[in-house]
Amino acid sequence: MSWGTELWDQFDNLEKHTQWGIDILEKYIKFVKERTEIELSYAKQLRNLSKKYQPKKNSKEEEEYRYTACKAFLSTLNEMNDYAGQHEVISENMTSQITVELARYVQELKQERKSHFHDGRKAQQHIETCWKQLESSKRRFERDCKEADRAQQYFEKMDADINVTKADVEKARQQAQIRHQMAEDSKADYSSILQKFNHEQREYYYSHIPTIFQKIQEMEERRIVRMGESMKTYAEADRQVVPIIGKCLDGIVKAAESIDQKNDSQLVIEAYKSGFEPPGDIEFEDYTQPMKRTISENSLSNSRGEGKAELKFGGKSKGKLWPFIKKNKGAAPEDFSNLPPEQRRKKLQQKVDELNKDIQKEMDQRDAITKMKDVYLKNPQMGDPASLDHKLTEVSQNIEKLRLEAQKFEAWLAEVEGRLPARSEQARRQSGMYDGQTAPPVNNCAQDRESPDGSYTEEQSQESEVKVLATDFDDEFDDEEPLPAIGTCKALYTFDGQNEGTISVVEGETLYVIEEDKGDGWTRIRRSEDEEGYVPTSYVEVYLDKNAKDS
C-alpha cells in the first residue's frame, strides 16, 4: 500500500488532503488551547469563590469559626482552593505538553510538506518540458516530411515537362534532395527525443513521483500518530491530578465528619451564658387592702417581705432589661461592666491575656536591644551603644504602661471571679439545675460596675424592652418599723438613681447600709427614715458592723 504506486496521478488531491490534515491538527491545537483557558478561568473562579467566603480577619465573623461546622466549612474552602490549583496544573501541563509542542510541530510539518510538493512540482515541470520538446520535434519532423514530398513532386513535374530547361530541372532535383535530407535529420532528432522522453517518463512515474509521494505519505502518517499521542497526553493531564483531587474531596469529607454538634452546643453556652439566675415566682398582690407601694410599670420582680424568699433580680430573657438598668447608647465601658457576669469575666480574661502577650513581646524586644547594646559595647565599630538607649527607655516605658494596664484588668477580673462563686441559698434553690455542673456556679453580678454616669449598657438583642417592677420594695417600704442599719458606706462615685427603687448618692457621701448585696450587684442603703433605696454595690465602699456580721 503506497501512495506512490496507487495514487501516482493524484498529485492535486494529495496536496489538498495534506493541507486538510494540517488544518485538523491546528483545529485540535485550538481546542486544547481553549480547554486550558477554561481550566484557568474555572480555577480563578474557584479561588475567588473560596476567598469570598473566607472569614475576614479581626472581625466577628472570624470568631464564628470556633464552631466545628464553621471549621469544616473553612476546611472545605481551603480544599477548594487546592482543588482550583489542580485545574491550574491541568492547564499548565496541556499548554506545555500539547499546545506548545504541537504548534512547533505544525510549523515543521508545513515546511516539510512545502519541500515535498516543491520537489513534485519540479518533477512535473521537467516531464512537461520533455513532453513539449517531443511535441516540437514531432511537428518539425512532420513539416520536413511534407516539404520533402512537395519538393519531390515538383522535381518530378519539372523533369517530365519538355519545355523546362535542364538547369531548372537540376535545380528542382537538388531542392528535393535537400528537403529529403532535412526530413531525415528531423526523423533522427524526433527519434532521439522520443527515446529520451520515454526514459524521463518512466523515471517520473516509477521513480520520482513514488519517492516523493512515499515521503508525503510518511509525513501524513507521522502527523496522525502525533495527534493520537497528543490525545493520550490530553487524557493523562487529567488523570495525573485525579489522585490529588480525590485527596481534596477526602479532606472535605473528613472535615464534614469532624463536625461535633454537642461541642457546638457547648460553645453556644460559653458564648452567651450570662451567669444570672432565672427570676423567682411573682407573689400575689392583694389590692383589696390599701397598701403603700412603689410600683413601676410592667413589674417582673417579686415583693420582698419579712421571712419571704429573697428575690434574685435577673432572669434576663431576650430583649428584656434587668432591674434598675438604663439603656446607654454610648461606648461600652472599659471594664466591660455592660456585659453579664460570665461574659464579662471572659472579656476581662481575654484582655488580660492580650496584655500579657504584648508585655512578653515588648520584653523580648528589650532583651534583643540589650543584647545588641552588649555587642556594640564589645565591638564599637559595629555601632554606637548610646544610640540604643532611647529605644531601650521607650520599650521599658511601654512595658511599665502595659503592666499597669494589665494590673487594672486583673483587679477587675479578680473582683468578678470573687463574686461569681458567691451564691445565696435562695439562689441555689432557684437554680438547682446548675448544681450538677462542673463549671463554677455564677450569680447575678452584671451590675458589678456601672459607668460613673449611673447608666448600664446592654448590648444584647432589643426585641422587647420591659421595665422591671421592683415590687421587692413594696412590703419593705410599707413596714412600719424600718430595717435596722447593719453598717455604713461611703459613695465612691456619684450615682443618679432615676429608676424606681434606686436612690441618688453623691461622691464622698456617707450613708447607712440596711441590706447588703445578695449577689445581684445592688446594696440597699438609707439616708434618712423616709429616704432609702438601692445603689450599685461597686459605687460604694461598705463597712459592716461586727455585730451585724456575727448575727
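All of these numbers come straight from a predicted model, not from anything done at the bench. (Residues numbered from 1 in each chain as written. Predicted model: local features only at pLDDT ≥ 70, side-chain atom pairs only at ≥ 80, totals over all residues. Heavy atoms only, no water.)

Q: What is the right way to look at the overall build of the protein chain in this model?
A: Along its length, the protein chain carries eleven helices and five strands. Here the protein chain, with 551 residues, has 37% of them falling under the buried criterion. Of all intrachain contacts in the protein chain linking residues separated by at least 6 positions in sequence, the fraction that spans at least 24 positions is 77%. Roughly 33400 Å² of accessible area belongs to the protein chain as shown, and the carbon and sulfur atoms make up 51% of that amount. (Helix = DSSP H or I, 4+ residues; strand = E, 2+ residues; numbered from the N terminus. Buried < 20%, exposed > 50% of the residue type's maximum accessible area, 1.4 Å probe, protein only. Contact = heavy atoms within 4.5 Å. Areas by Shrake-Rupley, 256 points an atom, 1.4 Å probe, with all protein chains shown as cover.)

Q: What am I meant to see in the packing of helix α2 (residues 11–52) against helix α5 (residues 166–257) here?
A: Helix packing for two helices is described by the angle between their axes and how far apart those axes are. Contact geometry for α2 and α5: axes closest at 11 Å, N-to-C directions at 15°. In terms of orientation, α2 lies roughly parallel with respect to α5. Where α2 crosses over α5, the handedness of that crossing is left-handed. Of the residues in the contact of α2 with α5, the class split is 15 nonpolar, four polar and four charged. (Axes fitted to C-alpha atoms, helices over the stretch in contact; angles between N-to-C directions. Parallel < 35°, antiparallel > 145°, perpendicular 65-115°, else oblique. Left-handed = near helix turned anticlockwise from the far one by under 90°. Nonpolar A, V, L, I, M, F, W, Y, C, P; charged D, E, K, R; others polar.)

Q: Please explain the pattern of salt bridges as it appears in this structure.
A: This model, assessed by the stated rule, comprises 23 salt bridges. In this structure, the salt-bridge partner of Glu236 is Arg239, at a minimum N-O distance of 3.1 Å. Here the residue Glu236 and the residue Arg239 both occupy positions in helix α5, the gap between them amounting to three residues, near one helical turn. Overall, the relative accessible area of 35% leaves Glu236 in the partly exposed class. Since its relative accessible area comes to 53%, Arg239 is described here as exposed. Overlapping salt bridges, with partners in common, bring together Glu515, Arg524, Arg526 and Glu532 in one network. (Salt bridge = Lys/Arg side-chain N within 4 Å of Asp/Glu carboxyl O.)

Q: Help me out: how do you make sense of the pairing of strand β3 (residues 522–528) in this one?
A: Regular strands place their side chains on alternate faces of the sheet. Here β3 lies mainly inside the structure; five of its seven residues are buried. Adjacent in sequence and paired antiparallel, strand β2 (residues 510–515) and β3 are bridged by six residues, among which Gly519 carries a positive phi angle near 105°. Here β3 pairs with strand β4 (residues 531–536) via six bridges, running antiparallel. Paired with Trp522 across the strands is Pro536, a residue of β4. Taking the residues between adjacent antiparallel strands as the criterion, β3 and β4 are bridged by two residues. (Pairing = 2+ DSSP bridges.)

Q: What exactly am I supposed to notice about helix α4 (residues 68–160) here?
A: Each α-helix winds once per 3.6 residues, and so residues spaced three or four apart point in a common direction. Taking 1.5 Å of rise per residue, the 93 residues of α4 would be expected to cover 138 Å, and the 134 Å separating its terminal C-alpha atoms lies within 8% of that figure. At Thr95, α4 shows its largest bend, some 40°. (Expected span 1.5 Å × (residues − 1). Bend = angle between axes of the 7 residues up to and from the residue.)

Q: Honestly, the packing of aromatic side chains in this entry has me stumped. Any pointers?
A: Aromatic ring pairs are reported here in terms of the distance separating the ring centres and the angle at which the planes meet. All chains considered together, the criterion is met by 14 aromatic pairs. Between Trp131 and Phe197, the aromatic rings sit 5.4 Å apart at their centres with planes inclined by 50°, giving tilted as the arrangement. Separated by 66 residues along the polypeptide, Trp131 in helix α4 and Phe197 in helix α5 bring together distant segments of the chain. Taking relative accessible area as the criterion, Phe197 reaches 5% and is therefore assigned buried. Arg66 extends its terminal NZ or CZ atom over the ring of Tyr67, reaching a point 5.4 Å from the ring centre. A cation sits over an aromatic face here: Arg226 above Tyr105, 4.7 Å from the ring centre. (Phe/Tyr/Trp six-rings, centres within 6.5 Å; stacked < 30°, edge-to-face > 60°. Lys NZ or Arg CZ within 6 Å of the ring centre and 35° of its normal.)

Q: Explain the side chain of Arg223 to me, please; I cannot follow it from the model alone.
A: Its location among the elements puts Arg223 in helix α5. On the accessibility criterion, Arg223 (5% relative accessible area) is buried. Apart from the residues lying within four places of it in its own chain, the contact partners of Arg223 are Trp20, Gly21, Ile22, Ile24, Leu25, Tyr105 and Leu109.

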